[in-house]
Amino acid sequence: QVQLVESGGTLVQPGGSLRLSCAASGFTFSSYAMRWYRQAPGKERELVAAIDSASGRTNYAGSVKGRFKMSRDNAERTVYLLMNSLKPEDTAVYYCNAVRTFWNTRDDYWGQGTQVTVSS
């Protein structure tokens, strides 16, 4: 059974830091690229960060570049999102996503999300 379980979301003050975790099970974690998305109320889901399956190369949305850092631990089957200098506009539900594509097939798994609220 495939599972992605996010944790770490909470209320934090502007300028603060938070680390989200996503624990994976039920699939070959090391073969999947991993992504963090977020969705704020009334807005579309937005890709925030991604990390490659093999090289560990990362990429970030412009709105978080320089503030967020994504990493993965294949032995622990977990990805992390370290968020620094948080702003109220970072408030959203953050979702973990695992994706693998090959030829014309795509495997795509999602977690249930964790709420991050940035407010004083």
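Residues numbered from 1 in each chain as written. Predicted model: local features only at pLDDT ≥ 70, side-chain atom pairs only at ≥ 80, totals over all residues. Heavy atoms only, no water.

Student: Which residues make up the overall build of the protein, and what are the values?
Tutor: Within the protein one finds zero helices and 11 strands. Starting at the N terminus and ending at the C terminus, the protein contains elements arranged as β-β-β-β-β-β-β-β-β-β-β. In terms of C-alpha radius of gyration, the protein reaches 14 Å, essentially the compact-globule figure of 14 Å for 120 residues. Expressed along its principal axes, the backbone C-alpha trace of the protein runs to roughly 45 × 25 × 25 Å. Burial analysis of the protein (120 residues in total) assigns 39% to the buried set. Taking all contacts inside the protein whose residues are at least 6 apart in sequence as the whole, residues at least 24 apart take part in 54%. Charge separation in the protein, taken as the distance between the mean sites of 14 positive and 10 negative side-chain charges, equals 4 Å. (Helix = DSSP H or I, 4+ residues; strand = E, 2+ residues; numbered from the N terminus. Rg over C-alpha atoms; globule rule 2.2 N^0.38 Å. Buried < 20%, exposed > 50% of the residue type's maximum accessible area, 1.4 Å probe, protein only. Contact = heavy atoms within 4.5 Å. Lys, Arg positive; Asp, Glu negative; His and termini not counted. Charge placed at Lys NZ, Arg CZ, Asp CG, Glu CD.)

Student: Could you give an account of the pairing of strand β1 (residues 3-7), naming the residues involved and the relevant values?
Tutor: In β1, alternate side chains face the same way, and those of Leu4 and Glu6 are buried while those of Gln3, Val5 and Ser7 on the opposite face are not. In this sheet, strand β3 (residues 18-25) lies alongside β1 in antiparallel orientation, the contact comprising five bridges. Within β3, the residue paired with Val5 across the bridge is Ala23. (Pairing = 2+ DSSP bridges.)

Student: Residues and numbers for the nonpolar core, please.
Tutor: The biggest cluster of nonpolar side chains holds 30 residues, and the ones touching the most others in it are Met34, Trp36, Met70, Leu81, Met83 and Tyr94. Not counting residues within four places of it along the chain, the set of residues in contact with Met83 comprises Gly16, Ser17, Leu18, Leu20, Arg67, Phe68, Tyr94 and Val116. (Core = buried A, V, L, I, M, F, W, Y, C linked by side-chain atoms within 4.5 Å.)

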